[in-house]
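# An overview of the molecular structure
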Amino acid sequence: QEEEKRRAEEEAKRQEEEAAAQAKPQPAPGARAQQKPKNKPNELSIPAKMVGKLIGKGGATIKGLQAKSGAYIKVDSSPGAQYAKVTISAKDAKGLQAAQQLIKAVLEGRAPF
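Along each chain, numbering runs from 1 in the same order as the chain's sequence is written. Where totals are concerned, whole chains, interfaces and linings use all residues; where local detail is concerned, this predicted model gives features only for residues with pLDDT of at least 70, and gives and counts side-chain atom pairs only at 80 or more. Heavy atoms from the whole structure form the basis of all side-chain values; hydrogens and water molecules are not counted.

## Quick word on the side chain of T87
Runs of E in the DSSP output that reach at least two residues are strands. Runs of H or I that reach at least four are helices, and both are numbered from the N terminus. Mapped onto the fold, T87 is located in strand 3 (residues 83–89). The class of T87 is buried, set by a relative accessible area of 14%. Working definition: with a 1.4 Å probe on protein chains only, accessible area under 20% of the residue-type maximum means buried, over 50% means exposed, and in between means partly exposed.

Next up, the structure:
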């Protein structure tokens with residue numbers, strides 16, 4: 001009698017779990033789970049001789065660019081290389097675009113920094 005009671009309880013629990021699973025919205029077959037969009041870092045190549053202009057005295061220019069755009073800007077340059085790599089990371093496309101435009105302005109001598 002106790003065995004029957006235990007089986008009945010297990011069956012009831014299993015049915016409740018199945019009902020709960022069916023009540024949850026299920027993605028369509030083959031559908032991918034929706035993920036928060038992520039912006040990939042954007043990379044630019046600039047002439048190595050322009051690195052100093054982009055960074056500025058004591059890093060003031062690059063810090064100003066980061067503050068104004070909301071993006072993180074990293075400059076990688078190797079001694080003797082002709083070009084340096086500039087990596088821009090931002091939370092959204094707007095930040096990436098703003099940083100790119102500001103970097104271009106600095107390199108063309110049009111920046112307010």
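## Topic: the confidence of the model for the protein chain
Confidence scores labelled pLDDT are given residue by residue by the predictor and lie between 0 and 100. The predicted model of the protein chain averages 82 in pLDDT, with 77% of residues at 70 or higher. Contacts are assigned to residue pairs with any non-hydrogen atoms lying within 4.5 Å of each other. A low-confidence stretch, residues 33–37 (pLDDT under 50), is modelled with zero contacts involving residues beyond four sequence positions or located in other chains.

## Focus: the packing of helix 3 (residues 60–69) against helix 4 (residues 93–107)
To obtain each axis, a line is fitted to C-alpha atoms, and for helices this fit is confined to the stretch in contact; angles are then taken between N-to-C directions over 0 to 180 degrees. Helix 4 packs onto helix 3 with a crossing angle of 145 degrees between their chain directions and a minimal axis gap of 9 Å. The handedness of the crossing between helix 3 and helix 4 is right-handed. Residues T61, L65, K68 and S69 of helix 3 lie in contact with helix 4, whose contacting residues are G95, A98, A99, L102, I103 and V106. When residues are sorted by character, Ala, Val, Leu, Ile, Met, Phe, Trp, Tyr, Cys and Pro go into the nonpolar class, Asp, Glu, Lys and Arg into the charged class, and all the rest, Gly among them, into the polar class. Class assignment for the residues of the contact of helix 3 with helix 4 results in six nonpolar, three polar and one charged. Should the near helix be turned anticlockwise from the far one by less than a right angle, the crossing is left-handed, and should it be turned clockwise, the crossing is right-handed.

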